[in-house]
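Structure assessment
Given next are the chains, with one letter for each unit.
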Amino acid sequence: IEKFLAQQTKAKGPPSAIAAALKILGYLEDETAIPTLLSYARSAKEAPSVRQEAFIAMRFALGKKTPAKVVEALVDAAESPDRTLAQTALHTLGSLDLPEGLAPRLRKLVGHPDPERVRFVLELLSRQTGTDALEVLVDAVCTLERRRAEMAAQMLAGKDAAAPLLAKALLGTKDVDRAWGLRNV
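To keep things clear, this report deals only with the structure shown in the data block. Keep in mind the model is a prediction, meaning the values are calculated, not measured. Starting from 1, residues in each chain are numbered consecutively following that chain's sequence as written. Restriction of local features to residues with pLDDT of at least 70 applies here, the model being predicted, together with a cutoff of 80 or more for giving and counting side-chain atom pairs; totals for whole chains, interfaces and linings are based on all residues. Side-chain metrics rest on all non-hydrogen atoms present in the structure, leaving aside hydrogens and water.

1. Re the overall build of the chain
In this description a helix means any DSSP run of H or I spanning at least four residues, a strand means any run of E spanning at least two, and both kinds are numbered starting from the N terminus. Within the chain, the regular secondary structure consists of 12 helices and 0 strands. In the chain, the succession of helices and strands from N to C terminus is α-α-α-α-α-α-α-α-α-α-α-α. Expressed along its principal axes, the backbone C-alpha trace of the chain runs to roughly 60 × 30 × 20 Å. Expressed as a percentage of the 185 residues in the chain, the buried residues total 44%. Residue contacts are counted whenever heavy atoms from the two residues lie within 4.5 Å of one another. Sequence separation of at least 24 residues holds for 62% of the intrachain contacts in the chain that already meet a minimum separation of 6. We score Asp and Glu as negative and Lys and Arg as positive, and we do not count His or the chain ends. Charged side chains are reduced to one point each, which is NZ for Lys, CZ for Arg, CG for Asp and CD for Glu. One finds the centroid of the 26 positive side-chain charges in the chain at a distance of 3 Å from the centroid of its 23 negative side-chain charges. A simple rule labels every residue: compare its accessible area, found with a 1.4 Å probe on the protein chains alone, to the largest value its type can have, and call it buried under 20%, exposed over 50%, or partly exposed in between.

Printed below as a string of structure tokens:
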């Protein structure tokens, strides 16, 4: 399959053929295919459909521990202007056990113009166990427009570890509506 991919790439073959080969590579569930899949997923020269198929194939090929390069590529793709590619990357991120310290990278996506992308990222953050994810959620409640702030507030509901961060944010807010929102969380 890798020889076929090399031939198709060299001959500038149709994206559908390359995507199909990547799909087969993923179905093999072989971790040694990750570098090949990652190279197609990260390549800006490849069509979005090829990159998308590479990310989907990674879901099958990844073992128990996700390499940092894969997580980085997924977050980069989640920021992509191509909505389908971004959704595929986010869904792949959602299916993985994410490493600590990813919240600062996801902070940028919390302010994205696409509300569905924002909702998905907020849910990803709410499943994280570290305080950095809680900080991003509290910051979203304090700074984002009302609808997105309410989404972030819903993700914080019942998280006792967020109480100190919420109290600190409540003390620092001057906006009465935001103060009520923080209080209600």
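2. Re the side chain of Glu46
The residue Glu46 is located in the loop between α3 (34–42) and α4 (48–61) in this model. A pair is scored as a salt bridge if a Lys or Arg side-chain nitrogen falls within 4 Å of a carboxyl oxygen belonging to Asp or Glu. Buried within the structure, Glu46 lacks any salt-bridge partner; Lys45 is the closest side chain of opposite charge, at an N-O distance of 7.0 Å. Discounting chain neighbours no more than four positions away, the residues touching Glu46 are Thr9, Ile18, Tyr40 and Arg51.

3. A few points about the environment of Val141
In this fold, Val141 is placed in helix α9 (residues 131–143). For Val141, a relative accessible area of 5% puts it in the buried group.

4. Brief notes about the environment of Ala44
In this fold, Ala44 is placed in the loop between α3 and α4. Using a relative accessible area of 72% as the deciding quantity, one classes Ala44 as exposed. Taking the C-alpha atoms as reference, Ala44 lies 32 Å from Glu135; in sequence the two are 91 residues apart.

5. So, the packing of helix α1 (residues 2–10) against helix α2 (residues 15–27)
Angular values range over 0 to 180 degrees, each being the angle between N-to-C directions of two axes fitted as lines to C-alpha atoms, with helices fitted over their stretch in contact. For the pair α1 and α2, interaxial distance at closest approach is 10 Å and the crossing angle is 160°. By the angle class used here, α1 and α2 are roughly antiparallel. Along this stretch, α1 crosses α2, giving a crossing that reads as left-handed. Facing Phe4, Leu5, Gln8 and Thr9 of α1, the residues of α2 in contact are Ala17, Ile18, Ala21, Leu22 and Leu25. Roughly parallel means an angle under 35 degrees; roughly antiparallel means over 145; roughly perpendicular covers 65 to 115; every other angle is labelled oblique. When the near helix sits turned anticlockwise from the far one by under a right angle, the crossing is termed left-handed; a clockwise turn instead gives a right-handed crossing.

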